[in-house]
Structures are given as structure tokens and as C-alpha cells.
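# Examining the three-dimensional arrangement
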Number of protein chains: 2
Amino acid sequence: MGTKVIAISREFGSGGRTIGKKVAEKLKIKCYDRELIQKLADESGFSKDYVAKQDDETPSYWYSPFIDDSILPNQEIIWNAQRNVILDLAHKESCVIVGRCADYFLKDKKDCYKIFIYADLEKRAKRVVEVYGENDENPEKRVKKKDKKRKAYHNYFTDNDWGDCNAYDICLNSGNLGIDRCVDLIVELYNS
Amino acid sequence: MGTKVIAISREFGSGGRTIGKKVAEKLKIKCYDRELIQKLADESGFSKDYVAKQDDETPSYWYSPFIDDSILPNQEIIWNAQRNVILDLAHKESCVIVGRCADYFLKDKKDCYKIFIYADLEKRAKRVVEVYGENDENPEKRVKKKDKKRKAYHNYFTDNDWGDCNAYDICLNSGNLGIDRCVDLIVELYNS
């Protein structure tokens, strides 16, 4: 039997990571999130710290007037490593993958559920302070900045529009539904 | 106990109406779709045919150079009737309401699930030919035109952006998930 994969994209502060972990626990499968970083480091040859910093970061030369048509080799190497690691994982085991453009790499995989988790800005700003323990003076600004980078990264490297529902099978408003209801709906989808 | 309402917005050809009807059957509640037209006619005083034509239609004077700041009285009367009928229904009985900006009118109602049903253009064009029996030479063009009008109507009369996931609790890709899975997820949501 083939594997089944849940690929979660999420707005910053929406609780997408928590949802992914809870779904994986309920389904007794693994959730790959930060765990991917070591694999990416091994695959790409870069250090774990360096790879971690590339997560959802806009390619830096975007702001350079000396831009050429090719992307920076380091970023290309990590992008390719990301594809290899994710395709390999999805081939080997049923799992949840949070972020890292897994929805894009797995867009043609049978039994891959592409999910987007979002919530309104106010609720996300509240969550990053209360749950993530961030202490920015202006958490709403921080949330918006992080999402802007995430969107830019995703849209640069893929031909999807991050956050546009057309790239996903299901989009869940965790701010309105709550974390546990999102978890239950994804579990229902996986088991259906 | 308060009522629970499912408000469905949908792209043309996505099967949103069929999903609404099937959800209502499973939950043994009513589905209001075309049934709303008679109620709107009674409430507004206009004929059923006239009201039906106003569904998802862009206000016609949009294209007029003689536009002023007020909307046409007829459209305003129907819009107000629409609000009254939908709020009244939602207050009286648990039900499914398809279209007619119910998601907007009921945005502050407790236990209202705002749902958007969408699918990729190719699948929707196929559906309008095979299921709805439409015979346009270019069904994709027809689908796009219908959606453009629907979006313009919604965005003109409300402060939501039609099809932007932020206006909804859950968005379902009926093209990828299939009609029955969408039905089951909505039923699960309603019962949770």
C-alpha cells in the first residue's frame, strides 16, 4: 500500500505546527518539522545552523542591483536537498510534514493532502505572545513581516501563490475553529 | 438551544450547491438555495423572475459613466430583503444556505460555519458541461465570466474579498477531494 502524507503550510502564529504534531500523534505517524533540518544538513553538506536560517527566508540577493538570472548556488543546493529529502520521506513512510514547501514538492503525489492553516492577524499576534513567548513590542508587525518573508520565499521558488486556496486541498481557519477541531478534520480527511 | 447554520459560498461549477443539498440531507435540516428566491420576492415586493436575475449580478450601472455614490434603489431593496430573510431564517432554524452572501450577513452569528467550495478551472468547466448540461463552445470562458460577476457582486456589497480564505472558516477543494468527502467534512464540522 502507498504512503499517505499530510503537507501543512501555515501562517505564522496560526498554530499550524501544533496542529501537525497533534494530527501525527493521533494517527501514530511521524511529524517532520524541525526534524527536517538535520536531514537537510546531511543531504546538502551545510551546517544545521545555516540550513535553519534559510527556512522561509527570501533569497537575499533579491535586494541587490547586481541580480542575474541564476539563483545563488547555496540556496539552490538547499532547495534541491529539500526536494530530495521530502520526496524520499513521502515515498518511504506516511507522515506529516510542516512547511518547507512540501505541498509544492508533493503536488502530484497520490494520497497527499495539502493543507493551509490560517487565522486572523489579531489572533495570531496574541498567540505568538502567549504561546510562543515572543515579546516584540508590536507582535502584529512581527507576524506580518514573517508571513511576508514566507510568502516571498514560497512564491519565488514555486509557481504556487502561498495562501491562495487553489494550491491546497483544504484551508482551515484555526482562529475560528480552534486547534482541536482542525486536528479532528485533518484526521477525518486522512482516514476517509 | 441556538440554531446552527452552514453558509456556503462557491465557485461556479465547483458543486457547492450539490454539496449543500447533500449536507442538509445528512443532517436532516433544510437547504436554502433557489428556495430563497420566493422569500426574497415576498420580502422585497419584486417578482420572482426579477429577483432571480439579481443573483450574483454586478450592479449594472457600474459600467455607466453617469455613476453616482448611491446604489440603485431596486438593488438596495433586494439587498436589504436578502439580509432580512437570511437573518430571520438563521434565527429560526438550523439550515444550510447556499450563496446570497449568507456568509457575510451571518459573520457574527455564533455557530455559523462559513464555507468556500472551489476547484480548478478545468474540472469546473468539465462539470458545467457534464453535470449542469451547459453547452457553451468555451465552457472555461463561461465559468470565468460567471465567477467574475459573482466576485464583483460580493465585493461590491460586502467588505469581504470573495474567495479569499480569510472570510471563511474552511475552504474545500471539491475538485481534489470529491463531492462526498466535502460533504463528510462539513457534517463532521457541524457535529463537532
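Residues numbered from 1 in each chain as written. Chains lettered and ligands numbered in written order. Predicted model: local features only at pLDDT ≥ 70, side-chain atom pairs only at ≥ 80, totals over all residues. Heavy atoms only, no water.

For the rest of this paragraph, the subject is the overall build of chain A. Looking only at helices and strands, chain A features nine helices and five strands. Listed by position from the N terminus, the elements making up chain A come as β-α-β-α-α-α-β-α-β-α-α-β-α-α. Its C-alpha radius of gyration of 16 Å places chain A within 12% of the 16 Å reference for a compact globule of 192 residues. Dimensions of chain A, computed from C-alpha atoms along their principal axes, come out at roughly 50 × 45 × 30 Å. Residues counted as buried form 51% of the 192 residues belonging to chain A. (Helix = DSSP H or I, 4+ residues; strand = E, 2+ residues; numbered from the N terminus. Rg over C-alpha atoms; globule rule 2.2 N^0.38 Å. Buried < 20%, exposed > 50% of the residue type's maximum accessible area, 1.4 Å probe, protein only.)

The end-to-end C-alpha separation of helix α9 (residues 179–191) of chain A is 19 Å, in line with the 18 Å expected for 13 residues at 1.5 Å each. Taken together, the buried positions of α9 of chain A are occupied by Ile179, Cys182, Val183, Leu185, Ile186, Val187, Leu189 and Tyr190 of chain A. (Expected span 1.5 Å × (residues − 1).)

Below, the discussion takes up the environment of glycine 15 of chain B. All names here are of chain B. As for its position among the elements, glycine 15 is in the loop between β1 (5–10) and α1 (16–27). Placed 102 residues apart in sequence, glycine 15 and isoleucine 117 show a C-alpha to C-alpha distance of 7.7 Å. Apart from residues lying up to four places away in sequence, glycine 15 is in contact with Arg127, Tyr132 and Ile179. (Contact = heavy atoms within 4.5 Å.)

Right, let's get into the interface of chain B and chain A. In many reports, interface size means the accessible area that the parts give up when they come together. Contacts between the two partners involve 23 residues from chain B, matched on the other side by 23 residues from chain A. Between chain B and chain A, the buried area comes to about 1800 Å², and carbon and sulfur atoms account for 52% of it. When residues of chain B are sorted by the area they lose upon contact with chain A, Asp169, Arg181 and Leu185 of chain B head the list and together hold 27% of the total. One can count zero salt bridges joining chain B with chain A. Where chain B packs against chain A, one counts 15 residue pairs in polar contact (both at pLDDT 80 or more). Breaking the side of chain B that touches chain A down by element, the ones donating at least two residues are β4 (112–118), β5 (170–173), α8 (174–177) and α9 (179–191) of chain B. At five residues, the largest contribution of residues to the side of chain B that touches chain A is made by α9 of chain B. For the side of chain B that touches chain A, the class distribution of residues is 12 nonpolar, five polar and six charged. Of the pairings in the sheet, the one linking strand β5 (residues 170–173) of chain A to β5 of chain B comprises three bridges and is antiparallel in character. Counted as the bridge partner of cysteine 171 of chain A is cysteine 171 of chain B from β5 of chain B. (Buried area = accessible area lost by both parts, 1.4 Å probe. Salt bridge = Lys/Arg side-chain N within 4 Å of Asp/Glu carboxyl O. Polar contact = N/O pair within 3.5 Å; in protein donor to acceptor, adjacent residues only side chain to side chain. Nonpolar A, V, L, I, M, F, W, Y, C, P; charged D, E, K, R; others polar. Pairing = 2+ DSSP bridges.)

With 48 residues, the main nonpolar core has Ile6 of chain A together with Ile6 of chain B as its most contacted residues. Setting aside anything within four residues of it in sequence, one finds isoleucine 6 of chain A in contact with Val23, Leu27, Cys95, Val96, Ile97, Tyr113, Ile115, Ile186 and Tyr190 of chain A. If you look at the next biggest cluster of nonpolar residues, it comprises 26 residues, including Ala7, Cys95, Ala102 and Tyr104 of chain B. (Core = buried A, V, L, I, M, F, W, Y, C linked by side-chain atoms within 4.5 Å.)

The next thing to look at is the relation of the copies chain B and chain A. Rotating chain B by 180° about the axis while translating it 0.0 Å along that axis superimposes it on chain A, leaving an RMSD of 0.0 Å. The transformation relating the two chain copies, once decomposed into turn and shift, fits a two-fold axis. Within chain B, cysteine 171 of chain B has its C-alpha nearest the rotation axis, a separation of 2.5 Å. Of all interface residues in chain B, 100% are interface residues in chain A too; the two copies therefore contact each other through one and the same surface. (Least-squares fit on C-alpha atoms with pLDDT ≥ 70 in both.)

To continue, consider the pattern of salt bridges. Considering all chains together, one arrives at 22 salt bridges over all chains under this definition. Of the charged contacts in the structure, one is a salt bridge between aspartate 169 of chain A and lysine 114 of chain A, with a shortest N-O distance of 3.6 Å. Of this pair, aspartate 169 of chain A sits in the loop between α7 (139–157) and β5 while lysine 114 of chain A is found in strand β4 (residues 112–118), placing the two residues 55 residues apart along the sequence. Judged on exposure class, the residue aspartate 169 of chain A and its partner lysine 114 of chain A are both buried. One salt bridge in this structure joins aspartate 147 of chain B and arginine 124 of chain B, with 2.6 Å as the shortest N-O distance. Placement of the pair is aspartate 147 of chain B in helix α7 (residues 139–157) and arginine 124 of chain B in helix α6 (residues 121–130), with a sequence separation of 23 residues. Note on accessibility: aspartate 147 of chain B and arginine 124 of chain B belong to one class, buried. Among the charged side chains, a network of salt bridges with common partners joins Glu11, Arg124 and Asp147 of chain A.

Before going further, it helps to spend a moment on helix α4 (residues 73–92) of chain A. Residue and element names in this part refer to chain A. If you check α4, its first and last C-alpha atoms are 28 Å apart, about what 20 residues at 1.5 Å a residue would give, namely 28 Å. Along α4, the positions that sit buried rather than exposed are Gln75, Ile78, Trp79, Ala81, Gln82, Val85, Ile86, Leu89 and Ala90. The buried residues of α4 occupy an angular sector of 165° when the element is viewed end-on, so they sit on one face. Facing away from the buried side of α4 by over 90 degrees, the exposed positions are Pro73, His91 and Lys92. (Arc of directions from axis to C-beta.)

Moving on to the state of the cysteines. The full count for this structure, using the stated rule, is zero disulfides over all chains. A disulfide-free cysteine, cysteine 182 of chain A has its sulfur positioned 11 Å from the sulfur of cysteine 171 of chain A, the nearest such atom. According to the relative accessible area criterion, cysteine 182 of chain A is buried, its value standing at 0%. Unpaired in this structure, cysteine 112 of chain B has its nearest cysteine sulfur neighbour in cysteine 95 of chain B, at a distance of 8.9 Å. Accessibility expressed as a relative area gives 6% for cysteine 112 of chain B, which makes it buried. (Disulfide = S-S within 2.5 Å.)

Turning our eyes to something else, we now look at unusual backbone geometry. Of note, lysine 28 of chain B is a non-glycine position whose phi angle comes to about 55°, a positive value. With respect to the secondary-structure elements, lysine 28 of chain B resides in the loop between α1 and β2 (30–32).

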